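Tertiary structure, described
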Amino acid sequence: MKMNQSTLRHVDVADISLELCAALRGAQIWTDVAPAPEALQSQLPFCVDKLSFPELIQFVFLPRLTSIVEQGLPLPGKSNIASYAEEYFRLNPVNPHSPVACETILAIIRRFDRICSESNHA
């Protein structure tokens, strides 16, 4: 069975989701404590007033990716979450003994941004 471009992008996004979970755990910035429900109701982009970047990724971004993949929804026409991630890690170095952790997370997020950009041009 031949997969179309949209299906291949959804497979890539599913892979990104799994890799991102593993990278957050590896960087020791994964949490088992969910934010308060009102924190998820923020009206500001990226919930910057209520959530830290790792919380945003874990409790907003990753669940959204799961929904997109499971329901076969269109990918966003563009994404620039990597810029936010870069700024977060610039100001909040994760585990200074392992700068590779930050770069791994950033590389995964950049791939997502790139896939969204490509899907907009396909």
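Please refer to the structure higher up on the page.
The paragraphs below set out a description of the structure included in this document. Just so it is clear, the model here is predicted, and its values are computed rather than measured.

1. Let's talk about the layout of surface pockets
Its volume calculated, the largest pocket comes out at about 260 Å³. Lining the largest pocket are 14 residues, with Phe46, Val60, Phe61, Arg64 and Ile81 sitting closest to its centre. At 6 residues, the largest contribution of residues to the lining of the largest pocket is made by helix H2 (residues 53-71).

2. With respect to the packing of aromatic side chains
One pass over the full model with this rule turns up 5 aromatic pairs. Ring centres 5.9 Å apart and planes at 75 degrees place the aromatic pair Phe53 and Phe89 in the edge-to-face group. Of the two residues, Phe53 sits in helix H2 while Phe89 sits in helix H3 (residues 81-91), which places them 36 residues apart along the sequence. Residue Phe53 shares its accessibility class with Phe89, and that shared class is buried. An angle of 90 degrees between the planes, with centres 5.0 Å apart, marks the rings of Phe61 and Phe112 as edge-to-face. With Phe61 in helix H2 and Phe112 in helix H4 (residues 99-121), this residue pair connects regions lying 51 residues apart in the sequence. Relative accessible area serves as the criterion here: at 3%, Phe112 is assigned to the buried category. Here a set of aromatic residues connected by ring pairs shows up, and it is made of Phe53, Tyr84, Tyr88 and Phe89.

3. A closer look at the nonpolar core
Residues Leu20, Phe53, Ile57, Phe89, Ile105 and Ile109 are the most contacted members of the largest nonpolar core, which totals 31 residues. Every element with two or more residues in this core is listed here: helix H1 (5-26), H2, H3 and H4. For this core, the element with the most residues is H4, which contributes 9 residues. Residue contacts for Ile109: discarding those within four places in its chain leaves Leu20, Phe53, Ile57, Ile81, Ala82 and Ala85.

4. Comments concerning the side chain of Gln58
Its location among the elements puts Gln58 in helix H2. When its relative accessible area of 8% is taken as the criterion, Gln58 is described as buried. In this structure the side chain of Gln58 is engaged in a polar contact, spanning 2.5 Å, whose partner is the backbone oxygen of Thr31. Not counting the four nearest positions on each side in its chain, Gln58 is found in contact with Ile29, Trp30, Thr31 and Pro63.

5. A word on the state of the cysteines
Applying the stated criterion to the full structure yields 0 disulfides. For the unlinked cysteine Cys47, the closest cysteine sulfur is that of Cys21, found at 17 Å. By relative accessible area, which is 8% here, Cys47 ends up buried. A disulfide-free cysteine, Cys116 has its sulfur positioned 17 Å from the sulfur of Cys21, the nearest such atom.

About the criteria used
Residues numbered from 1 in each chain as written. Predicted model: local features only at pLDDT ≥ 70, side-chain atom pairs only at ≥ 80, totals over all residues. Heavy atoms only, no water. 1 Å grid on protein atoms, 1.4 Å probe; cavity = no way out; pocket = protein on both sides within 12 Å on 5 of 7 lines; lining within 4 Å. Points joined across faces, edges and corners; volume = space filled by probe spheres on them. Helix = DSSP H or I, 4+ residues; strand = E, 2+ residues; numbered from the N terminus. Phe/Tyr/Trp six-rings, centres within 6.5 Å; stacked < 30°, edge-to-face > 60°. Buried < 20%, exposed > 50% of the residue type's maximum accessible area, 1.4 Å probe, protein only. Core = buried A, V, L, I, M, F, W, Y, C linked by side-chain atoms within 4.5 Å. Contact = heavy atoms within 4.5 Å. Polar contact = N/O pair within 3.5 Å; in protein donor to acceptor, adjacent residues only side chain to side chain. Disulfide = S-S within 2.5 Å.

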